Amino acid sequence: IRTLLNVADGATAGGGKVVNYAQTFKTDFFSEIVGANSASSDAISLSYAAANSSNKLLITTSLTVSGQEIGFIYATLYIGGSQSAAMGNVNSSRSRVTACGRNDDGGGNFTFSHTYLHSSPSTSSTTYSYRLSHSAPVNKYCILNATYSGADNYRVASGTSSITILELSS
């Protein structure tokens, strides 16, 4: 958490401070067959209600993902059920906003780390979630917190994923 607070201090050069936070960890695994050009259901999520709608939210994540030897696998941030955030490059044919990818032809697992500064949409509870997708032209498994290992769909637990939200005063 110390590292996150240092990041928050740097992100609020205008004198803001951390006024609240929320965090969730997922240690069990998520697995879903995902079609081409689509996304999984929420692999991990956290609902948060900001104290003040003018505050900023620093969202940080660490996601351990794997796939069924599928080429690229992506983790995409959804805010309130839609891809309304923006980070990295946008691929207009796949709408991969806030997504990171890695070539996973070997079927191993790897960790994504995302950081995103977001304007709070309201003081009502909003769900921040990540969904998984891939670059294969056919249905393939996308997995969180486990390694896909073979056609028998065997999974080996291997990781913890998390979402942390720090609310920063404006």
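Residues numbered from 1 in each chain as written. Predicted model: local features only at pLDDT ≥ 70, side-chain atom pairs only at ≥ 80, totals over all residues. Heavy atoms only, no water.

**Concerning unusual backbone geometry**
Phase 1 of the analysis: Unlike most non-glycine residues, N37 shows phi in positive territory, near 60°.
Phase 2 of the analysis: The topology assignment puts N37 in the loop between β2 (30-34) and β3 (44-48).
Phase 3 of the analysis: Under the relative-accessibility criterion, N37 is labelled exposed at 58%.
Phase 4 of the analysis: Despite not being glycine, N145 has its phi angle at roughly 65°, a positive value.
Phase 5 of the analysis: Along the chain, N145 turns up in the loop between β9 (140-144) and β10 (146-148).
Phase 6 of the analysis: According to the relative accessible area criterion, N145 is buried, its value standing at 1%. (Helix = DSSP H or I, 4+ residues; strand = E, 2+ residues; numbered from the N terminus. Buried < 20%, exposed > 50% of the residue type's maximum accessible area, 1.4 Å probe, protein only.)

**A few points about the nonpolar core**
Buried together is how nonpolar side chains tend to be arranged in soluble globular proteins.
Phase 1 of the analysis: Core analysis: the largest hydrophobic core is formed by 26 residues, its most contacted members being L63, V65, L132, L144 and I165.
Phase 2 of the analysis: Contributing elements (two or more residues each) for this core: β2, β3, β4 (56-67), β5 (72-79), β7 (109-119), β8 (126-134), β9 and β12 (161-168).
Phase 3 of the analysis: Apart from the residues within four sequence positions on either side, L144 is in contact with K26, D28, F29, F30, A43, I44, L63, T64, V65, L132 and S161. (Core = buried A, V, L, I, M, F, W, Y, C linked by side-chain atoms within 4.5 Å. Contact = heavy atoms within 4.5 Å.)

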